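# A look at the structure
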2 protein chains.
Amino acid sequence: MTKIGIMGYGNLGRGVEAAVAQNDDMELAAIFTRRDPADVKPATDVPVVPADQAADWVGKIDVMILCGGSATDLPEQTPACVKLFNVIDSFDTHAHIPQHFAAVDAAAKEGGHIGLISCGWDPGLFSLARIYSSSILPNGSHYTFWGKGVSQGHSDAIRRIPGVKDARQYTVPVDAALEKVRSGENPVFVTRDMHTRECYVVLEDGADPAAVEQAIVTMPNYFADYNTTVHFVSEEELQRDHAGLPHGGFVIRSGVTGLQENTKQVIEFSLNLESNPEFTSSVLVAYARAVARMHAEGVCGCKTVFDIAPKYLCPAEEDWQRAHLL
Amino acid sequence: MTKIGIMGYGNLGRGVEAAVAQNDDMELAAIFTRRDPADVKPATDVPVVPADQAADWVGKIDVMILCGGSATDLPEQTPACVKLFNVIDSFDTHAHIPQHFAAVDAAAKEGGHIGLISCGWDPGLFSLARIYSSSILPNGSHYTFWGKGVSQGHSDAIRRIPGVKDARQYTVPVDAALEKVRSGENPVFVTRDMHTRECYVVLEDGADPAAVEQAIVTMPNYFADYNTTVHFVSEEELQRDHAGLPHGGFVIRSGVTGLQENTKQVIEFSLNLESNPEFTSSVLVAYARAVARMHAEGVCGCKTVFDIAPKYLCPAEEDWQRAHLL
């Protein structure tokens, strides 16, 4: 049995708890929290431990899954935790991956552990789609589309506008752009061509809808470069119709082969997820199996999904994998 | 530079020749043939060598790509060649993979080489889609659809019917079945539900179309379990409209997550290929890079795509991979 620890019990931590329960070769050892443990109510029967007592659990946890945020939690937590445990995080600030890798690598080697960073679906499965497909079709382009799905960052940005009580923002890929990519014509897009943004907004009493809409659609970085639609809804409608966290997307590589380089080939990977955090957690748990196995083989240091052979993710024996999945 | 050899110069061998030309870190050392080398006309400037002189090329080839057939060539060739070279084959008789693996593993270890078997897109990339997605969503089902594409085996079966001069058979996935799988309802299918078969047939002079059609649609194993459509065309039409070898398909995993196991999640991988052999070759060449690198690290034995970490396929440095593809 692979013994899993969860550091941080939000949407992602709850998803890990559920994903561990689906895997017969795994068990949840403990949940670690910076809150008062008495305030954390796990869905299953598992101890809740103050985060600063994690060191007491060395030897009782094979892989610690870090469920904090990329902005402030993980840059500190991952290097600190990997000195004590094998760890996995879902660090997703793409631009800062190289420095995060360097910090985690040094700490992981010091502790003799594996630190798998930037796991999940993007970065994660979408990264796999990009590396496999670009290696196979070197003469081509790849495109990543996100959605239809809820962007927490964009929803938060709307909530900060005066007059907004609550909001939910969907990122939506543009069908015409997807079709153009699938046709193999390697189009060049500007931001606006690939995605639209749909906002569902609950106003404070007396707020001016026109002013709020204007503030949203002109917001730099978040909305100004997109075609954005704003729908004003009641608090009840938002709760009823927009409470979920669906997401997904598409990675498409189109390239050409042959000595004339005129044969079109298209590789597509896509996700359609009813729950982004539950799916991300399921990816983290499959990779926890890989981390435990590779550590048992003597591997240490910082790793990404690029370093992990697929066989390590699958609970079945390698003979079975070849007979049934190859 | 990784030095590649090609064993067998048919559609697949020609595809490897073209794929090597697209990769700056590879060069084609020689083509090996069982035919008279004078009868083999490569598209590029490369020596053509009798297959039985391959042993003279030890030290001059890093990876030999075996382009023979699974029925009779590869079960002999792969174990024999792997004693001399690192090799890759596209052995695709799924039911015989375990015994092929065992034979190649013993010979590869004897020679100190890597023998990567069953590479390409199915087995190969579709196998990757199956192992990743089933590891991530353990409570679910996966479905493999092929097409729209030309099946050489089915085309050959039609050509053996008396009165048939030439034929081309397309395997076509049923759209309604694809949509049912994508909806996450985990349907149970019989053979007929998932694919149809479309046949384009040129008759010999005086042949009876009704008899030929009846012979096709009732043929056991090949057509009897499918809804099959037969179109009679002229030899000119067949050449003009059906000369290519397109193919592709879909691997879809649908599963549920959450403690209630009621959240639907769908992972889809698909290929849309204008040329099946050119694409398969491109996969083989990317994996040739991986084989050369892993052999340089001291790895030997029989391997499949399940054993190869994605980083080995990509020509770029690992730092670059993390900065640009993760």
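Anyway, here's the lowdown on the structure attached to this text.

## A look at the overall build of chain A
Helix and strand counts for chain A stand at 11 helices and 14 strands. On C-alpha atoms alone, chain A measures out to a radius of gyration of 22 Å, which is about the 20 Å that the 2.2 N^0.38 rule sets for 326 residues. Overall, chain A is about 65 × 60 × 35 Å in size when its C-alpha atoms are taken along their principal axes. The proportion of buried residues among the 326 residues of chain A is 57%. Taking the intrachain contacts of chain A between residues at least 6 apart in sequence as the baseline, contacts between residues at least 24 apart amount to 68%.

## A closer look at the packing of aromatic side chains
All names here are of chain A. In the structure shown here, the tally under the stated rule is 13 aromatic pairs over all chains. Their ring planes at 85° and their centres at 5.7 Å tell us that Tyr170 and Tyr200 sit as a pair that is edge-to-face. Of this pair, Tyr170 sits in strand S9 (residues 164–173) while Tyr200 sits in strand S10 (residues 195–203), and the two are 30 residues apart along the sequence. Of the two residues, Tyr170 and Tyr200, neither departs from the other in class, the shared state being buried.

## Observations regarding the pattern of salt bridges
Per the stated rule, a full pass over the model turns up 28 salt bridges over all chains. One salt bridge connects A:Lys311 with A:Glu318, and the closest N-O pair in it is separated by 3.7 Å. Close ionic contact of B:Glu179 with B:Arg182 constitutes a salt bridge, the shortest N to O distance being 2.7 Å. Of the two residues, B:Glu179 and B:Arg182 both sit in helix H6 (residues 175–182), 3 residues apart, roughly one turn of that helix. A network of salt bridges, in which partner residues are shared, links A:Asp156, A:Arg159 and A:Asp166.

## Structural notes on the layout of surface pockets
Of the voids in this model, the second largest pocket is the one considered here, and its volume is about 1,500 Å³. Lining the second largest pocket are 46 residues, with A:Asp92, A:Asp122, A:Pro123, A:Gln152 and A:Asn276 positioned closest to its centre. Secondary structure elements with two or more residues in the lining of the second largest pocket: helix H1 (11–21), strand S7 (140–146), helix H5 (152–159), helix H7 (191–194), S10 and helix H10 (276–296) of chain A together with helix H11 (318–324) of chain B. With 4 residues, the single largest contributor to the lining of the second largest pocket is H5(A). Taken together, the residues of the lining of the second largest pocket sort by class into 19 nonpolar, 21 polar and 6 charged.

## Points about the sheet that holds strand S3 (residues 48–50) of chain A
Residue and element names in this part refer to chain A. Strand order across the open sheet formed by 7 strands is S3-S2-S1-S4-S5-S6-S14, with parallel pairing between neighbours. Lying at the two open borders of the sheet, with one neighbouring strand each, are S3 and strand S14 (301–303). Going from strand to strand, the sheet's axes swing by 25° on average, the running direction of each strand aside. Judged from the 2 bridges that link them, strand S5 (residues 86–88) and strand S6 (residues 114–116) form a sheet pairing that is parallel. Residue pairing for S6: Ile88 is matched across the bridge by Leu116. Packing of helix H2 (residues 73–82) onto the sheet brings it into contact with strand S1 (2–7), strand S4 (63–66), S5 and S6, and relative to S4 it is tilted by some 175°.

## Description of the pairing of strand S2 (residues 26–33) of chain B
Residue and element names in this part refer to chain B. In terms of residue burial, S2 counts as a mostly covered element, since 7 of its 8 residues are buried. For the crossover that starts at strand S1 (residues 2–7), traverses helix H1 (residues 11–21) and ends in the parallel S2, the hand is right-handed. Here S2 pairs with strand S3 (residues 48–50) via 3 bridges, running parallel. Within the sheet, the bridge partner assigned to Ile31 lies in S3 and is Val48.

## Observations concerning the interface of chain A and chain B
Every contact between the two is made by 70 residues of chain A and, on the other side, 70 residues of chain B. Linking chain A with chain B are 2 salt bridges, by the criterion used here. For A:Lys311, the salt bridge goes to B:Asp307, with nearest N and O atoms at 3.5 Å. There are 32 residue pairs in polar contact (both at pLDDT 80 or more) connecting chain A and chain B. Within the residue set of the side of chain A that touches chain B, elements represented by two or more residues are H1, helix H3 (97–111), helix H4 (125–136), strand S12 (247–257), strand S13 (263–273), H10 and helix H11 (318–324) of chain A. It is S13(A) that contributes the most residues to the side of chain A that touches chain B, 11 residues altogether. Grouping the amino acids of the side of chain A that touches chain B by side-chain chemistry returns 36 nonpolar, 22 polar and 12 charged. Bridge count between S13(A) and strand S13 (residues 263–273) of chain B: 9 bridges; the pairing is antiparallel. The residue bridging A:Leu271 from the neighbouring strand is B:Ile267, located in S13(B).

## A word on the nonpolar core
By size, the foremost hydrophobic cluster in this structure holds 154 residues, and its most contacted members are A:Phe279, A:Tyr287, B:Phe279 and B:Tyr287. The residues contacting B:Phe279, other than those within four sequence positions of it, are A:Ile136, A:Leu137, A:Gln265, A:Ile267, B:Trp121, B:Leu125, B:Leu271 and B:Leu273.

## Topic: H4(A)
Within an α-helix, residues lying three or four positions from one another point in the same direction, as the helix has 3.6 residues per turn. In this model H4(A) runs 17 Å from its N-terminal to its C-terminal C-alpha over 12 residues, within 8% of the 16 Å that 1.5 Å per residue would give. The buried fraction of H4(A) amounts to 12 of the 12 residues, a majority that puts the element mostly inside the structure.

## Describing the side chain of A:Arg130
Examined against the element boundaries, A:Arg130 turns out to sit in helix H4. Engagement of the side chain of A:Arg130 in a polar contact is seen with the side chain of A:Thr144, the distance being 3.1 Å.

## A few points about the relation of the copies chain A and chain B
Relative to chain B, chain A is turned by 180° and slid 0.0 Å along the rotation axis, the superposed coordinates differing by an RMSD of 0.0 Å. In short, the pair behaves as if placed about a two-fold rotation axis. Looking at the interface residues of chain A, 100% of them are also at the interface in chain B, so both copies use one shared face.

Procedures and definitions
Residues numbered from 1 in each chain as written. Chains lettered and ligands numbered in written order. Predicted model: local features only at pLDDT ≥ 70, side-chain atom pairs only at ≥ 80, totals over all residues. Heavy atoms only, no water. Helix = DSSP H or I, 4+ residues; strand = E, 2+ residues; numbered from the N terminus. Rg over C-alpha atoms; globule rule 2.2 N^0.38 Å. Buried < 20%, exposed > 50% of the residue type's maximum accessible area, 1.4 Å probe, protein only. Contact = heavy atoms within 4.5 Å. Phe/Tyr/Trp six-rings, centres within 6.5 Å; stacked < 30°, edge-to-face > 60°. Salt bridge = Lys/Arg side-chain N within 4 Å of Asp/Glu carboxyl O. 1 Å grid on protein atoms, 1.4 Å probe; cavity = no way out; pocket = protein on both sides within 12 Å on 5 of 7 lines; lining within 4 Å. Points joined across faces, edges and corners; volume = space filled by probe spheres on them. Nonpolar A, V, L, I, M, F, W, Y, C, P; charged D, E, K, R; others polar. Pairing = 2+ DSSP bridges. Axes fitted to C-alpha atoms, helices over the stretch in contact; angles between N-to-C directions. Right-handed = clockwise from strand over helix to strand, strands pointing away. Polar contact = N/O pair within 3.5 Å; in protein donor to acceptor, adjacent residues only side chain to side chain. Core = buried A, V, L, I, M, F, W, Y, C linked by side-chain atoms within 4.5 Å. Expected span 1.5 Å × (residues − 1). Least-squares fit on C-alpha atoms with pLDDT ≥ 70 in both.

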